[in-house]
Amino acid sequence: MSFTSYMDRALDEARAAGDRGEVPVGAVVVSPAGAVIAAAGNRTRELNDPTAHAEMLAIRAACAALGSERLTGHDLYVTLEPCPMCAGAISFARIRRLYYGAGDPKSGGTAHGARVFAHPQCHHVPELYDGIGAEAAEALLKTFFAGKRAD
Ligand SMILES: [Zn+2]
């Protein structure tokens, strides 16, 4: 099942982000042909950039690689429910399908909170599949934040 391997790649990016001291979230952009166009993990601390979420970095890199402001027909895999900022970017990028792992009641913006895709002002809504690899994504986040509290 291909979506599992793409989410595994996103989980690898999440693990690498955690190793860098970033919140362990990873994202992968996949082309309509099934090629990984971009993969990224959170880098907000490293870049001193509050917008440097995994999804934003992956979308930027994919757009740069394609020379396009849109990723029509492309899919995004992310280990955690996107926040409102990233959900907005996903809509602007015209992502076809959004697959995410863990739900995020605290900061999520698709199933929780702002529910960006539910508004009529959201002009492109991706097909949405949640819970893919959720247990692994949740375990990573739990371990990361448990370590933070122990510091
Ligand atoms: Zn975000």
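Keep in mind that what you see is a predicted model, and the values were worked out from it rather than measured.

Basis of the calculations
- Residues numbered from 1 in each chain as written.
- Predicted model: local features only at pLDDT ≥ 70, side-chain atom pairs only at ≥ 80, totals over all residues.
- UniProt positions renumbered as here; feature names shortened; annotations may be inferred.
- Contact = placed C-beta atoms within 7 Å.
- Helix = DSSP H or I, 4+ residues; strand = E, 2+ residues; numbered from the N terminus.
- Buried ≥ 20, exposed ≤ 12 C-beta atoms within 10 Å, placed from the backbone.
- Core = buried A, V, L, I, M, F, W, Y, C linked by C-beta atoms within 7 Å.
- Expected span 1.5 Å × (residues − 1).
- Axes fitted to C-alpha atoms, helices over the stretch in contact; angles between N-to-C directions.
- Parallel < 35°, antiparallel > 145°, perpendicular 65-115°, else oblique.
- Left-handed = near helix turned anticlockwise from the far one by under 90°.
- Nonpolar A, V, L, I, M, F, W, Y, C, P; charged D, E, K, R; others polar.

A. A look at the UniProt feature "binding site: Zn(2+)" (unreviewed entry) in the protein. Per the UniProt entry, the sites bearing "binding site: Zn(2+)" (unreviewed entry) are His-53, Cys-83 and Cys-86 in this numbering. These annotated residues cover 34 residues of sequence, but their C-alpha atoms sit close together, with the largest distance between any two at 9.1 Å. Those residues in contact with His-53 that sit more than four places away from it in its chain are Val-25, Asn-42, Thr-44, Cys-83, Met-85 and Cys-86. Looking at where Cys-86 falls in the secondary structure, it is placed in helix α4 (residues 84-92). We classify Cys-86 as buried; it has 27 C-beta atoms within 10 Å. For Cys-86, the residues in contact, after removing those within four places along its chain, are His-53, Glu-55 and Met-56.

B. Fine view of the nonpolar core. Among the nonpolar cores identified, the biggest contains 43 residues, and Val-29, Ala-58 and Tyr-77 are the most heavily contacted of them. Of all the secondary structure elements, the ones that give two or more residues to this core are α1 (2-19), β1 (26-30), β2 (36-41), α3 (54-66), β3 (75-80), α4, β4 (97-102) and α5 (134-150). In this structure, Ala-58 is in contact with Ala-27, Val-28, Val-29, Ala-38, Ala-39, Ala-40 and Leu-76, ignoring residues within four places of it in sequence.

C. Spotlight on α3. End to end, α3 covers 18 Å across 13 residues, agreeing with the expected 18 Å (1.5 Å per residue, within 8%). All of the buried residues in α3 are Ala-54, Glu-55, Met-56, Leu-57, Ala-58, Ile-59 and Ala-62. Directly after α3, the chain includes Gly-67, whose backbone phi takes a positive value near 65°.

D. Layout of unusual backbone geometry. Positive phi outside glycine occurs at Asn-48, with the angle close to 50°. Structurally, the position occupied by Asn-48 is in the loop between α2 (44-47) and α3. Residue Asn-48 is classed as exposed on the basis of its 8 C-beta neighbours within 10 Å. Notably, Arg-115 is not glycine yet its phi reads approximately 45°, a positive angle. Considering the arrangement of structural elements, one finds Arg-115 in the loop between β4 and β5 (127-129).

E. Molecular detail of the packing of α3 against α4. Relative to each other, α3 and α4 sit at 25°, their axes nearing to 9 Å. Considering the angle they form, α3 stands roughly parallel to α4. Pair α3 / α4 crosses with left-handed handedness. Across from Glu-55, Met-56 and Ile-59 in α3, the residues of α4 making contact are Cys-86, Ala-89 and Ile-90. Of the residues contributing to the contact of α3 with α4, the split by class is five nonpolar, no polar and one charged.

F. Geometry of the environment of Leu-128. Within the secondary structure layout, Leu-128 lies in strand β5. Taking the C-beta count within 10 Å as the criterion, Leu-128 has 17 such neighbours and is therefore assigned partly exposed. Residues Leu-128 and Arg-96, spaced 32 residues apart in sequence, show a C-alpha to C-alpha distance of 8.8 Å. Leave out the neighbours within four places in its chain, and Leu-128 touches Leu-98 and Thr-110.

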